[in-house]
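Examining the three-dimensional arrangement
Here is how the chains run, residue by residue.
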There are 2 protein chains.
Amino acid sequence: MSKAPRVTAAALAIGDELLSGRTKDKNIGHLAEMLTAAGIELEEVRIVPDEQERIVEALNALRARYTYVFTSGGIGPTHDDITADAVSAAFGVACDHDADAVALLGAMYVERGMEFTDARRRMARMPVGSRHIENPVSRAPGFVIGNVYVMAGVPAVFQAMLDNVLPTLQTGIKILSDKVDCPFGEGDIGDALAVIAKAHPDVNIGSYPRFSGQKFSTEIVIRGRDLQAINNAKADVEAMLSDIASHKAATVV
Amino acid sequence: MSKAPRVTAAALAIGDELLSGRTKDKNIGHLAEMLTAAGIELEEVRIVPDEQERIVEALNALRARYTYVFTSGGIGPTHDDITADAVSAAFGVACDHDADAVALLGAMYVERGMEFTDARRRMARMPVGSRHIENPVSRAPGFVIGNVYVMAGVPAVFQAMLDNVLPTLQTGIKILSDKVDCPFGEGDIGDALAVIAKAHPDVNIGSYPRFSGQKFSTEIVIRGRDLQAINNAKADVEAMLSDIASHKAATVV
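Residues numbered from 1 in each chain as written. Chains lettered and ligands numbered in written order. Predicted model: local features only at pLDDT ≥ 70, side-chain atom pairs only at ≥ 80, totals over all residues. Heavy atoms only, no water.

Regarding the overall build of chain A
A count of helices and strands for chain A gives nine helices and 11 strands. Taking 2.2 N^0.38 as the reference for a compact globule, 253 residues should give roughly 18 Å; the C-alpha atoms of chain A span a radius of gyration of 23 Å, well beyond that estimate. Out of the 253 residues in chain A, the part that is buried amounts to 53%. Of all intrachain contacts in chain A linking residues separated by at least 6 positions in sequence, the fraction that spans at least 24 positions is 68%. For chain A, the accessible area works out to roughly 10,800 Å², and carbon and sulfur atoms hold 53% of it. Of the side chains in chain A, 25 bear a positive and 33 a negative charge, and the two mean positions are spaced by 1 Å. (Helix = DSSP H or I, 4+ residues; strand = E, 2+ residues; numbered from the N terminus. Rg over C-alpha atoms; globule rule 2.2 N^0.38 Å. Buried < 20%, exposed > 50% of the residue type's maximum accessible area, 1.4 Å probe, protein only. Contact = heavy atoms within 4.5 Å. Areas by Shrake-Rupley, 256 points an atom, 1.4 Å probe, with all protein chains shown as cover. Lys, Arg positive; Asp, Glu negative; His and termini not counted. Charge placed at Lys NZ, Arg CZ, Asp CG, Glu CD.)

Some thoughts on the sheet that holds strand β11 (residues 216-224) of chain A
Sheet strands line up and pair through hydrogen bonds in the backbone, either parallel or antiparallel. Residue and element names in this part refer to chain A. On the basis of which strands lie adjacent, the open sheet formed by three strands has the order β9-β11-β10 and antiparallel pairing. Pairing within the sheet leaves two strands with one partner each, and these edge strands are β9 (176-182) and β10 (204-211). Taking the axes of each pair of neighbouring strands and ignoring which way they run, one obtains an average angle of 20° across the sheet. Inspection of the sheet shows β9 paired to β11 by seven bridges, in the antiparallel sense. Among the inter-strand pairings, aspartate 178 is bridged to a residue of β11, identified as isoleucine 222. Contacts from helix α8 (residues 186-199) reach β9, β10 and β11 within the one sheet, and its direction differs from that of β10 by about 175°. (Pairing = 2+ DSSP bridges. Axes fitted to C-alpha atoms, helices over the stretch in contact; angles between N-to-C directions.)

Some points on the domain arrangement of chain A
Partitioning chain A into domains gives domain 1 (7-168) and domain 2 (176-252). Centre-to-centre, using C-alpha coordinates, domain 1 of chain A lies 40 Å away from domain 2 of chain A. (Domains from an automatic or database assignment.)

Focus on the interface of chain B and chain A
With 63 residues of chain B at the contact, the number on the chain A side is 63 residues. Together, the buried faces of chain B and chain A total about 4,800 Å²; carbon and sulfur atoms form 52% of this surface. Contact with chain A buries area across many residues of chain B, yet Leu19(B), Arg22(B) and His79(B) alone supply 13% of it, more than any other trio. The tally of links between chain B and chain A comes to 12 salt bridges. The shortest N-O distance in the salt bridge between Arg54(A) and Glu44(B) comes to 2.9 Å. (Buried area = accessible area lost by both parts, 1.4 Å probe. Salt bridge = Lys/Arg side-chain N within 4 Å of Asp/Glu carboxyl O.)

Side note on the relation of the copies chain B and chain A
In screw terms, the move from chain B to chain A is a rotation of 180° and a rise of 0.0 Å along the axis, fitting with an RMSD of 0.0 Å. Such a combination of turn and shift is consistent with a two-fold rotation axis. No C-alpha of chain B approaches the rotation axis more nearly than that of Arg46(B), which lies at 2.2 Å. By residue overlap, the copies meet face to face through one surface: 100% of the interface positions of chain B are interface positions in chain A. (Least-squares fit on C-alpha atoms with pLDDT ≥ 70 in both.)

As for the pairing of β10(A)
Residue and element names in this part refer to chain A. In the sheet, β10 pairs with β11 via eight bridges, with the strands oriented antiparallel. Counterpart to phenylalanine 211 in the pairing with β11 is phenylalanine 216. The hairpin turn running from β10 into β11, its antiparallel successor, is four residues long, and glycine 213 in that turn takes a positive phi close to 105°.

Quick look at the sheet that holds strand β3 (residues 68-72) of chain B
The strand order β6(A)-β7(A)-β8(A)-β3(A)-β1(A)-β2(A)-β2(B)-β1(B)-β3(B)-β8(B)-β7(B)-β6(B) describes an open sheet built from 12 strands, whose pairing is mixed. If you trace the sheet from one side to the other, it starts and ends with β6 (131-133) of chain A together with β6 (131-133) of chain B, each paired once. Geometrically, the sheet is characterised by an average inter-axis angle of 20° between neighbouring strands, direction not taken into account. Note that strand β1 (residues 8-14) of chain A and strand β2 (residues 41-48) of chain A share seven bridges and pair parallel. Looking across to β2(A), one finds that Ala10(A) is bridged to Glu44(A).

Points about the pattern of salt bridges
Residues and elements named next belong to chain B. Scanning the model with the defined rule gives 36 salt bridges over all chains in all. Note that lysine 248 is salt-bridged to aspartate 188, the shortest N-O span being 3.4 Å. Taken together, the residues lysine 248 in helix α9 (residues 227-252) and aspartate 188 in helix α8 (residues 186-199) connect sequence positions 60 residues apart. For lysine 248, a relative accessible area of 30% puts it in the partly exposed group.

Thoughts on the UniProt feature "domain: MoaB/Mog" (unreviewed entry) in chain A
According to UniProt, the feature "domain: MoaB/Mog" (unreviewed entry) maps to residues 10-172 of chain A in the numbering used here. With 42% helix and 21% strand, residues 10-172 of chain A has end C-alpha atoms that lie 15 Å from one another. (UniProt positions renumbered as here; feature names shortened; annotations may be inferred.)

Section: the confidence of the model for chain A
On average, residues of chain A carry a pLDDT of 93, and 97% of them reach 70 or more. At the level of chain-chain contacts, confidence expressed as ipTM amounts to 0.87, with global pTM at 0.88. (pLDDT = per-residue confidence, 0-100.)

A closer look at the side chain of Arg46(A)
In this fold, Arg46(A) is placed in strand β2. Among all residues touching Arg46(A), those that are not within four sequence positions of it are Ala11(A), Leu12(A), Ala13(A), Ala58(A), Ala61(A), Leu62(A), Glu44(B), Val45(B) and Arg46(B).

Observations regarding the side chain of Thr8(B)
All names here are of chain B. Position of threonine 8 among the secondary structure elements: in strand β1 (residues 7-14). Relative accessible area serves as the criterion here: at 10%, threonine 8 is assigned to the buried category. Apart from the residues within four sequence positions on either side, threonine 8 is in contact with Ile40, Glu41, Glu43, Arg65, Tyr66, Thr67 and Tyr68.

Written out as structure tokens, the structure is:
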């Protein structure tokens, strides 16, 4: 097994609208895919409301435990955007207007002939000592402090910010995976699959049921760091499935 | 303000596939909508991997804090379905085959002329002392122990189980809400909206930015328990928006 260190991560999605069901989160799934592709293991996700104590509590629990924490939401210009204040409180630093961010936004609004309102100035507030995360979509930057990456909730902006963050991260060994589409439900394969999983301890075999509305089928996913080990397990899974198929055919005859 | 007790809830979604990005969760958003409609406040969501210690840790934190906890995932027939064992461990009770569940499933497989395999018997395992949650889709029941409702991860099954659970829950005062579609970005309205929010302390005013790919607009949501208070706040928001519209028109001329 490799000696390379695991790189772990947590996501913290912030917003009452996610908990009321009004907004369906699109950022967690995207972040999960991007981190997995980079060999960073997303190990926990939390969603909390726009309440400072709740954000601080979750952030301090997660940043102590994982290599990286990625937050989404609550960095806009309105009164209910309190993420910058909460992150500052979690780190015990002041939340203030960042000079570079004020300059960046001020220039943009001049360019656009728009007024640089107090609300818009709110978007330049961040924990003192933060670094910017560039926002090519709407310019107002996210920020990084310690191992915490604070990004917008609007998916187009979150994704653009994440694209700028990913190349700067320490990445782990990429987790390889392969899959077998299984036409049978988990009940048909569970026993045999458990035997195969035991026989291949160096891979992780996941079984994910799907329901078409009429019948269940299964996606079998084999994950690991060694391609040969994955291929060996996959061969056993495929052999198991053809056994079951021929057995079913026989019983139908 | 009403004296009726708040009823709170947390969701715990269980599964490596959610954290790898392979599966995009559909249950949290559905649960959030259904609970909000019932006046139950979803206050926290966590997603954890298929690891017993992680499930136990999250479940014990959440069940102590909220009126109800709803879990999704990990109750199928395969080796990686460990939710029943983890919930049992969290409650310090044995996880065993439930006689009623075995009878239910046994009868179903006889009906279907299918073998009642050990894997399928796994779906009858639950913490000793649990009550069933009926599953009209694929029959294998979820279960309730204490204030924890354990349901399937397949959305069609999760939703059917939740439909059976909701009528049995203590529900709070329904949170009413109304919304105003605002054609302007948050930067245009943030200052005025903050003033309105201060002037209407008995409602919660949320501002949710949307990005079309070209421009930002905003959905302003007003939540509360008193319809008149919501209407009063809404009137102020609408007046504020027409002020801004006429100001913009004037500046264009």
